[in-house]
Amino acid sequence: MRANGLFGSRASRRRFLAGAGAAGLGAGGLLLAGCGDDEAPVATSTAPEGGASPGSSPTVPPEADIPKDGILRLRQTAPWSSINPWKGLDSGLTWGFYVFDHLFYTPLDTLKPELFLATSLEQPEPTRIIFKLGEGYFHDKPPVNGCRVTARDVKASYETSIKQPGVSTTTFMTQVFAGIEVPDDETVIVKLNAPDARAFTSTALGGVITSSIIPEEICAQPEFMDRDIIGSGRFVFEGHEGGTNFRLRRFEKWRIPGEPWLAGMRWFLIQEQAQALAAFSAQDIDTVGLANVLERDQLVQRHGKDIEIDSDISRSVWVVLTRADGRWADPRVRRAVNLAIDRDEIIEIMTFGEGLKSGIMPPAFASVSLSEQELAETLWKFDPTQAKQLLAQAGFDTSQPIEIKVAALGDNYSKFAQAIAAQLEKNLGVKTNIVTEDFGTWLQKSLYGSEYKDLIVFPTLAYDEPSQYLRPYEKEIGGRPNWARFFDDELNQMIAKSRTIMDEEERFEALKEIQRKAIEKVAPAFPIYVPRTFAAYWYWVKGRVTGRGSFGLFNGRLYIDKRR
């Protein structure tokens, strides 16, 4: 696979900026709430003016001149229901980036796996992958007490995680992944049921949660992680206060000598955006995600050159997901909802115009997303008159309100739900009812468990590879029935076949055809827009990695330097 293959030359300038800017913040940009919110992006940043170019590391002074006593202070947007990474997306992602180690990870900019604990990777045949392990140690806590990481730990981590009810695994892990053999302590042999072009992506063996290396003793008793977290990553879990205010400290036996350059990390529960902005201005936290350009301009006016603003077009797509059964089984009803949504107005309401309409594949993945002209004629079409006609033809009962479920994860979630509700009421002549739930209930029951009556709205995660955006169109999602109860054999077979296509250009065309077919069948997941994200940093947060997607969150050379 060629480098930068997903960022095609046919992209417009706006699309190029969307792709080239995607980056990892090293630490500050991780979405602790768990669903790719533009208040707290997963990994979406560009280098500040004069900083490092996308796809590179920043220029830093000699290591001897780097202060390593800094504590990075971050905002937590909502309490967690569990610190167990197998019981919550928020905890799974956070500990996956900071507390646990991995064999490898595949960055967005090259789409080629970069080795972490693994020192070599061989694929002698399409269904067998061999990793050799380097030297790594678990944190010095019972029951493992700093013992060396072995191949048995890797095997137990992969094979146990995909069986956990709280882990949303992918089709690759449930159908293609056949298991792991460990002939010795330093060799991991991954067996596949079939060749798969995504094997090393975040959709497959590189998934942050499923690839987190956890001691086999703890894999045998996952409930242990309800109380404490033990990994072999850059930071040691110190404690928390009822699912909030987490504390991490540097792991002194980390496999990369001298790293991490931070002494630790602290999270502070600040649920309201106004309070977060005030905390940032008071220098109580080192970075804050900004909801819009107005907040950016206000901070710049207040603090000037003492802060840096990172910006990008996100890969996190705001989505409206209808059901596909009951009164939503008629595709005319689903199409009516999509025709009633004015995406331009939504972008203006949500971002003051700082966003882009999105196809099924977001604009960042230019080589596999459909053209703007094609989308304008299909998915993006806005026609309230036709929408009302379709509802009438389908016999839809407009006297019954349409329920919209949303997670309680900040102002933008409720704002998006309200904007969608207002447009449906205005353009379809229906009543709506917004139901807000805590994130754990919303994720596990309403989304994963399909316990929503009519519509559910959310932003996707900012994925590092495009096939993940097709998950809502598969018959089975991570071992569970399709969330919307949308079961289509033709689409499912097309998606499955695309995974076996090793030729890049041929696979890209197959992905486009899948999107066209999903639109034709009025598949119930309707992408609306991707926002431009903004994050403010005090000048002393140094060493951020840019242009590499979520890979930048593994950065061990982020540091705090308040010297001018």
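Look up: the structure comes first, before these words.
Below is a summary of the structure that appears in this document. Small disclaimer: the values here were computed from a predicted structure and weren't measured.

So, how was this worked out
Residues numbered from 1 in each chain as written. Predicted model: local features only at pLDDT ≥ 70, side-chain atom pairs only at ≥ 80, totals over all residues. Heavy atoms only, no water. Pairing = 2+ DSSP bridges. Helix = DSSP H or I, 4+ residues; strand = E, 2+ residues; numbered from the N terminus. Axes fitted to C-alpha atoms, helices over the stretch in contact; angles between N-to-C directions. Buried < 20%, exposed > 50% of the residue type's maximum accessible area, 1.4 Å probe, protein only. Contact = heavy atoms within 4.5 Å. Phe/Tyr/Trp six-rings, centres within 6.5 Å; stacked < 30°, edge-to-face > 60°. Lys NZ or Arg CZ within 6 Å of the ring centre and 35° of its normal.

## Regarding the sheet that holds strand S9 (residues 247-250)
- Read from one edge of the open sheet, four strands run S1-S10-S9-S8, paired in mixed fashion. The sheet terminates laterally at strand S1 (71-76) and strand S8 (235-239), the two strands that pair on one side only. Taken pair by pair, the neighbouring strands of this sheet meet at an average axis angle of 25 degrees, ignoring direction.
- Pairing of S1 with strand S10 (residues 264-269), which is carried by six bridges, proceeds in the parallel orientation. Bridging across to S10, Gln76 finds its partner in Leu269.

## Describing the pairing of strand S7 (residues 187-192)
- Most of S7 is tucked away, with five of its six residues classed as buried.
- As paired elements, strand S5 (residues 128-133) and S7 share five bridges and run antiparallel to each other. Note that in S7 the partner of Lys132 across the bridge is Thr187.
- Across five bridges, strand S6 (residues 177-184) lies against S7 in antiparallel orientation. In the sheet register, Glu181 faces S7, and the bridge partner there is Ile189.
- Adjacent in sequence and paired antiparallel, S6 and S7 are bridged by two residues.

## Points about the sheet that holds S6
- As summarised here, the arrangement of the four strands in space is S4-S5-S7-S6, forming an open sheet in which the pairing is antiparallel. Each edge of the open sheet is held by one strand with a lone partner, namely strand S4 (118-125) and S6. The sheet shows a mean angle of 20 degrees between the axes of neighbouring strands, taken without regard to direction.
- With respect to the sheet, helix H3 (residues 151-161) is in contact with S5, S6 and S7, its orientation differing from that of S6 by roughly 165 degrees.

## Focus: the environment of Pro143
- Looking at the secondary structure, you find Pro143 in the loop between S5 and H3.
- Residues Pro143 and Glu217, spaced 74 residues apart in sequence, show a C-alpha to C-alpha distance of 7.5 Å.
- The contact partners of Pro143, leaving out residues within four places of it in the chain, are Glu217, Phe224 and Ile230.

## Focus on the packing of aromatic side chains
- Enumeration over the complete set of coordinates arrives at 29 aromatic pairs.
- Between Phe116 and Phe551 the ring centres are 5.9 Å apart and the planes differ by 45 degrees, which places this aromatic pair in the tilted class. Here Phe551 lies in the loop between strand S21 (541-542) and strand S22 (559-560) and Phe116 lies in the loop between strand S3 (114-115) and S4, a separation of 435 residues in the sequence.
- Under the relative-accessibility criterion, Phe116 is labelled buried at 13%.
- For the pair Trp538 and Trp540, a centre-to-centre distance of 5.3 Å together with 10 degrees between the ring planes defines the contact as stacked. Across this residue pair, the class does not change: Trp538 and Trp540 are buried.
- Across the ring face of Tyr137, the terminal group of Lys253 is positioned such that the distance to the ring centre comes to 4.1 Å.

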